[in-house]
Amino acid sequence: MTRLSTQPTLPLPPGRLGLPAIGESIQYLQDPEGFIAKRQQRYGNIFKTHLFSRPTITLIGADAARFLFANDGQRLEMTNTPSFEVLLGAKSIGVQIGSVHQILRRQLLQAFQPRALENYALTMTEVTHHYLQKWEQIETLTWYDELKKYTLDIACRLFVGVSTTADEQLEKVYETWSSGLLSIPVRFPGSKFDRAVRAREQLLTQFDRLIDQRQQQSTETQDVLSILLVAKDESGKALSREDIKDNILGMLVAGHETLTSALTSLCLLLAQHPAVFKAVRAEQAQLEYPTSFTQDTLKQMTYLEQVLKEVLRILPPVVRSGSRKVLESCEFDGYLIPQGWDVYYQIPETHRDKSIYTQPEQFDPDRFSLKRSEDKQKAFSHIPFGGGIRECLGKEFAKLEMKLFAALLVRNYEWELLPGQNLERIVLPFSRPRDGLKVKFSRQGM
Ligand code: HEM
């Protein structure tokens with residue numbers, strides 16, 4: 001990549017900017033996947049468009065992802081929609097940039113170190129058993145809705161020590177807040193955005209109460225909040241109360257809606273591929289059933305690991321990354337990336353690169369076996385968690401929850417898809433089947 005000053009005559013990427021002001025936003029929102037597919041076919045892996053009032057460049061493929069990650073925080077910088085900025089809050093990692101972002105990131109990462117994760121596994125196991133038993137009793141369920149409750153319950157317990165089964169109000173307030181994230185940022189009484197801002201205030205008040213309780217408590221609690229309350233940066237400075245509250249809130253949304261999508265896809269793909277399901281169960285049958293999952297036990301589940309990687313390849317929860325603003329004009333692949341525009345990387349199409357993956361449209365966990373390791377041919381071919389300085393903060397937490405859930409599910413339960421449902425995908429804000437995955441659920445052999 002070079003600066004514009006050395007390449008003054010570079011062309012802009014191919015593509016169209018659409019109508020004045022609205023650009024191509026309406027076509028994009030009507031069918032995001034079709035929008036990208038058509039343009040990729042017509043223009044290739046890099047094209048220009050105009051989305052959400054911004055001239056934008058879409059980047060597809062491992063090389064393009066590498067370009068974005070390498071320049072993130074230098075010539076490119078994170079940018080958010082106005083609703084995101086207000087609802088996430090000024091201290092959220094999602095809106096921080098530069099050294100403030102990096103220092104905050106290191107502090108937050110203290111809550112996702114291996115020792116902490118091992119403790120979280122105990123609570124995850126307990127909550128998973130509870131929900132599996134509940135689903136066994138219900139028998140027929142819309143799994144996406146149930147998994148949303150399950151992942152939110154785990155997140156609330158492990159982030160702030162509150163169970164949503166005990167505090168249903170928390171779930172309702174959270175839903176009002178998160179549904180405002182994609183709303184138009186106009187506040188008038190009763191508007192979606194206004195309700196979301198009020199819900200944010202309610203959630204922050206609850207976090208304040210929880211922090212007060214923690215500070216008066218003598219016994220140690222092992223959750224994200226307790227770790228963040230004592231986390232220090234390199235100069236010994238602690239996080240402020242505002243830092244903690246905004247980031248717990250951000251992690252709730254980043255950490256539970258993505259996982260809901262990933263687990264729903266896992267359940268769908270296992271139902272559609274009985275041979276893979278059988279192989280996962282066979283691997284589980286060979287392992288001793290532990291009362292608690294240690295890193296050692298989890299490491300032995302190598303086939304399950306391949307399956308989870310393939311689920312995240314073929315149906316990544318995050319379809320498009322956050323946008324980056326171009327701070328300084330630069331070049332990629334012979335095209336001008338102009339200052340003032342936005343760029344973003346597109347994950348599903350990067351995962352369907354035929355030069356990396358054999359028959360990329362097929363669900364084939366063996367492509368990640370030691371022998372084939374298809375993704376190892378080129379860095380950034382498998383990017384469900386993004387990469388670079390903004391790689392997913394909760395990646396290890398997410399992988400742990402997915403593995404533990406899958407292991408407990410496959411050992412003892414089975415399910416079939418109910419007929420007549422729409423499995424077509426909605427991809428924004430997170431990928432999921434249109435009817436939410438309706439299944440008949442039972443204990444093995446019943
Ligand atoms: C399967 C589950 C998950 C997926 C697929 C996923 C995906 C991603 C992706 C693609 C990014 C980068 C976005 C970009 O480059 O614009 C990201 C960032 C982030 N994720 Fe995740 N995520 C998952 C789970 C989690 C969990 C469990 C947490 C919290 C515990 C979390 C917290 C975050 C945060 C805080 C960031 C922003 C990091 C930063 O800006 O430095 N995510 N995630």
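Structure's up top.
All values reported here derive from a predicted model rather than from experimental measurement. (Residues numbered from 1 in each chain as written. Predicted model: local features only at pLDDT ≥ 70, side-chain atom pairs only at ≥ 80, totals over all residues. Heavy atoms only, no water.)

Participant: So what exactly am I meant to see when it comes to the layout of surface pockets here?
Facilitator: To find leftover empty space, one rolls a probe the size of a water molecule over the atoms. Taken as a whole, the second largest pocket spans an internal volume of roughly 820 Å³. As for the second largest pocket, its lining consists of 31 residues, of which Glu305, Lys309, Lys395, Glu396 and Lys399 are closest to the centre. Residue assignment for the lining of the second largest pocket shows that the elements contributing at least two residues are helix 6 (114-138), helix 13 (295-299), helix 14 (302-314) and helix 16 (395-412). Its residues placed into classes, the lining of the second largest pocket shows 13 nonpolar, 7 polar and 11 charged. (1 Å grid on protein atoms, 1.4 Å probe; cavity = no way out; pocket = protein on both sides within 12 Å on 5 of 7 lines; lining within 4 Å. Points joined across faces, edges and corners; volume = space filled by probe spheres on them. Helix = DSSP H or I, 4+ residues; strand = E, 2+ residues; numbered from the N terminus. Nonpolar A, V, L, I, M, F, W, Y, C, P; charged D, E, K, R; others polar.)

Participant: Sorry if this is basic, but what is going on with the site of the ligand here?
Facilitator: As a structural note, the neighbourhood of the ligand is formed by 27 residues, with His101, Arg105, Arg324, Tyr345 and Cys392 the closest of them. Here an oxygen atom of the ligand and a side-chain polar atom of Arg105 are 2.7 Å apart. The separation between an oxygen atom of the ligand and a polar main-chain atom of Gly322 is 3.0 Å. Counting only elements with at least two residues in the shell around the ligand, the list comes to helix 5 (98-109), helix 11 (241-272) and helix 16. (Near = heavy atom within 4 Å. Polar contact = N/O pair within 3.5 Å; in protein donor to acceptor, adjacent residues only side chain to side chain.)

Participant: In this structure, what is going on with the sheet that holds strand 3 (residues 76-78)? I would like to understand it.
Facilitator: Adjacent strands of a sheet pair through backbone hydrogen bonds, lying either parallel or antiparallel. Taken in spatial order, the 5 strands line up as 1-2-8-5-3 in an open sheet, and their pairing is mixed. For this open sheet the edge positions go to strand 1 (46-51) and strand 3, each flanked by a neighbour on one side alone. Sheet twist, expressed as the average angle between the axes of neighbouring strands with direction ignored, equals 35°. The sheet contact formed by strand 1 and strand 2 (residues 54-60) spans 6 bridges and is antiparallel. For Lys48, the partnering residue across the bridge sits in strand 2 and is Ile57. Against the sheet, helix 2 (residues 32-43) engages strand 1, strand 2 and strand 8 (342-346), with an angle of about 140° to strand 1. (Pairing = 2+ DSSP bridges. Axes fitted to C-alpha atoms, helices over the stretch in contact; angles between N-to-C directions. Contact = heavy atoms within 4.5 Å.)

Participant: Would you mind going over the coordination of the iron atom of the ligand with me for this structure?
Facilitator: Ideal donor angles around a metal are set by the shape: a four-donor tetrahedron calls for 109.5 degrees, a six-donor octahedron for 90 or 180 degrees. Exactly one protein atom donates to the iron atom of the ligand; that atom is Cys392 (SG), 2.3 Å from the metal. Position of Cys392 among the secondary structure elements: in the loop between helix 15 (347-350) and helix 16. (Donors = N, O, S within 2.8 Å, 3.2 Å for Na, K, Ca; no water.)

Participant: Honestly, the environment of His382 in this entry has me stumped. Any pointers?
Facilitator: Tracing the backbone shows His382 in the loop between helix 15 and helix 16. His382 sits 117 residues away from Ser265 along the chain, and the two C-alpha atoms are 17 Å apart. Here His382 is in contact with Lys309, Leu312, Arg313, His351, Tyr357, Phe368 and Asp375, once residues within four sequence places are set aside.

Participant: Whenever I open this one, the packing of helix 8 (residues 168-179) against helix 11 confuses me. Can you help?
Facilitator: Each pair of packed helices gets described by two things: the angle between the helix axes and the distance between those axes. Interaxial distance between helix 8 and helix 11 falls to 11 Å at its minimum, and their mutual angle equals 85°. Between helix 8 and helix 11, the crossing angle belongs to the class labelled roughly perpendicular. Residues Tyr174, Trp177 and Ser178 of helix 8 lie in contact with helix 11, whose contacting residues are Leu249, Leu252, Val253, His256 and Glu257. Split by residue class, the contact of helix 8 with helix 11 holds 5 nonpolar, 2 polar and 1 charged. (Parallel < 35°, antiparallel > 145°, perpendicular 65-115°, else oblique.)

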